[in-house]
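# Descriptive analysis of the structure
These are the residues of each chain, in order.
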Amino acid sequence: MTHILHRNIASTLPVAVGGQGINLIDADGRSYIDASGGAAVSCLGHGHATVIAALHSQLDAIAYAHTSFFTTEVAERLADRLAQDAPGNLDHVYFVSGGSEAIEAALKMARQYFVEKGEPQRRHIIARRQSYHGNTLGALAAGGNEWRRRQFKPLLIETHHIDPCYAYRLQRVGESDQAYAARSAQLLEDQILTLGPDTVIAFVAETVVGATLGAVPPVADYLQRVRRICDRYGVLLILDEVMCGMGRTGRLYACEEDGVVPDLVTIAKGLGGGYQPTGAVLLGSHIFEAFRQGSGFFQHGHTFMGHPMAAAAALAVQETIHRDGLLANVVAMGELLDLRLRERLGHHAHVGDIRGRGLFRGVELVMDRGTKAPFDPLHKLHARIKAEAMARGLMVYPTGGTVDGLIGDHILIAPPFIVNGAQIGMIVDRLGDAIDAALPVGASLDPGVAAVSRNG
Ligand SMILES: Cc1ncc(COP(=O)(O)O)c(C=O)c1O
């Protein structure tokens, strides 16, 4: 009997004992292709010799020094590297230990920025429905996933949610990408005007929506429009790249592809690639200057922020991505993954949409491709696909509630950046078989007539 309160008390989990490259191995000797990097974390796969060596050497030097007493060389070097690689004026870094902590810090930083600037009346946060920003109370309040928020609502700070830019379900028939991007971004301006422009602190959004929608990228110039609206009303733009950042989309920062620089950006999962828990907020020089010329400090902090072991892991991961030119592999293998998914699932009767960027791809499942009606949530299709995939030695990241937090199913695929073409083939083969095995009895396996609706 376990003494761990596991995520699901009823489940019996295999015991992970080892990992090499894109594979994880359990105590029974079974091997699993880690095609989701856990939850889009393991960007270098498992057992990477460079990262392990960096961790050994950091442990021999100094494992921990509290950030109110000391800085460390390794944390300084990591901050230099991140500031150097980040777009625009994002040239300072605030280290934390994970994605939720990064969002909490970004929200408080945004609020304190306006206090420093003499605009303490700004108090509203606007975010999007069907987003996920973490499970701590501030991050959960920002997130827009109904199921995750529901029972904790009485504890959440007030936030405001607009529709996401989610073309598969919200773009109208016959509406161009440009027109949809404009209509979708306009929701932000309308919300700012409703609340009163000088009362809004920030708009928070995932550049490419991960866990709750399944790798949904913005359409056309949506983010550029959002940037302009924020600028018009002095509202800060916080992009959450905890999942989609650090190379996952083929760019170090996903927003580079959209030609947008946020005021604050949160990163975490791929930063340390799972070798240590870590995360960060990158802040624009204007935010930093407001703090420097104002109170001189950000009123926040955690015991383990800037942890030297976490910094050593992240530095080694980021230097390896550079050294080995892995972003080019993310782009090339991402295109291959997209192609293979379309070959195997593009005409599948129950695949409504295939989307994403780089090695960050989503497959949305529907009962009926014509009406886009999802499966009955009681069938728990996403959970069945996960189990069928695991039985075939494949880890993918299926989730339910895609449509509105309660109904709908999608699968997130996010393999390590070191994946090769043959492995992509195996991933898609096993995934296709797992989907077919998980469908309800009587569901059609016949190919549909039309191709999937759009290429994200
Ligand atoms: C976009 C996004 N933000 C924040 C988080 C929260 O990160 P963590 O689980 O490290 O607290 C996640 C986790 O999945 C995420 O995908």
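Below or above, wherever it landed, is the structure these notes cover. (Residues numbered from 1 in each chain as written. Predicted model: local features only at pLDDT ≥ 70, side-chain atom pairs only at ≥ 80, totals over all residues. Heavy atoms only, no water.)

With that settled, consider the nonpolar core. Soluble, globular proteins show a tendency: their nonpolar side chains are buried together. Counting 95 residues, the largest nonpolar core has Leu82, Phe203, Tyr253 and Ile413 as its most contacted members. Non-local contacts of phenylalanine 203, meaning those with residues more than four positions away in its chain, are made with Ile126, Ala127, Arg128, Ile162, Leu188, Tyr222, Val226, Cys230, Val235, Leu236, Leu237 and Ile238. Core analysis: the second largest hydrophobic core is formed by 28 residues, Val96, Ala105, Leu236 and Met305 among them. (Core = buried A, V, L, I, M, F, W, Y, C linked by side-chain atoms within 4.5 Å. Buried < 20%, exposed > 50% of the residue type's maximum accessible area, 1.4 Å probe, protein only. Contact = heavy atoms within 4.5 Å.)

Moving on, we come to the state of the cysteines. Put plainly, a disulfide is one covalent bond tying together the sulfur atoms of two cysteines. Overall, the coordinates contain zero disulfides when judged by the stated rule. Summary of cysteine pairing: cysteine 165 is not part of a disulfide, and the nearest cysteine sulfur, belonging to cysteine 244, is at 14 Å. By relative accessible area, cysteine 165 is classed as buried at 2%. With no disulfide partner, cysteine 255 has as its closest neighbouring cysteine sulfur the one in cysteine 244, 8.1 Å distant. Look at cysteine 255 and you get buried, because its relative accessible area is 0%. (Disulfide = S-S within 2.5 Å.)

With that settled, the discussion passes to helix α14 (residues 381–391). Looking only at α14, the buried set comprises Leu381, Ile385 and Ala389. Down the axis of α14, the sector holding all buried residues measures 70°, keeping them to one side. Looking at the buried positions of α14, the neighbouring elements they touch are β12 (360–365), β13 (394–395), β14 (397–400), β15 (409–413) and α15 (421–438). Among the residues trailing α14, glycine 393 stands out with phi positive, at a value near 70°. (Helix = DSSP H or I, 4+ residues; strand = E, 2+ residues; numbered from the N terminus. Arc of directions from axis to C-beta.)

This next bit is on the sheet that holds β15. Think of a sheet as strands paired side by side through backbone hydrogen bonds, with each pair either parallel or antiparallel. With antiparallel pairing, the four strands of this open sheet are ordered in space as β11-β12-β15-β14. Each edge of the open sheet carries a strand with a single partner, namely β11 (351–357) and β14. Averaged over neighbouring strand pairs, the angle between their axes works out to 20° when direction is ignored. In the sheet, β12 pairs with β15 via five bridges, with the strands oriented antiparallel. Bridge pairing in β15 links leucine 365 to aspartate 409. The strands touched by helix α13 (residues 326–345) are β11, β12 and β15; relative to β12, the strand with the most contacts, the crossing angle is about 15°. (Pairing = 2+ DSSP bridges. Axes fitted to C-alpha atoms, helices over the stretch in contact; angles between N-to-C directions.)

Okay, the site of the ligand next. All residues in the neighbourhood of the ligand are listed as Gly98, Gly99, Ser100, Tyr132, His133, Gly134, Glu206, Asp240, Val242, Met243 and Lys269. Here serine 100 contributes a side-chain N or O atom positioned 2.6 Å from an oxygen atom of the ligand. For the ligand, whose unbound accessible area comes to 390 Å², protein coverage reaches 82%. Tallied by class, the residues present in the shell around the ligand amount to three nonpolar, five polar and three charged. (Near = heavy atom within 4 Å. Polar contact = N/O pair within 3.5 Å; in protein donor to acceptor, adjacent residues only side chain to side chain. Areas by Shrake-Rupley, 256 points an atom, 1.4 Å probe, with all protein chains shown as cover. Nonpolar A, V, L, I, M, F, W, Y, C, P; charged D, E, K, R; others polar.)

Turning to the pattern of salt bridges, a few remarks are in order. In this structure the tally under the stated criterion is 25 salt bridges. Salt-bridge contacts for aspartate 163 lead to arginine 129; the nearest nitrogen and oxygen are separated by 2.9 Å. Taken together, the positions of aspartate 163 in the loop between β6 (160–162) and α7 (167–170) and arginine 129 in the loop between β5 (124–128) and α5 (137–142) put the pair 34 residues apart, joining distant regions of the chain. Note on aspartate 163: relative accessible area 26%, which makes it partly exposed. For arginine 357, the salt bridge is made with glutamate 257, and the minimal N-O distance between the two is 3.7 Å. (Salt bridge = Lys/Arg side-chain N within 4 Å of Asp/Glu carboxyl O.)

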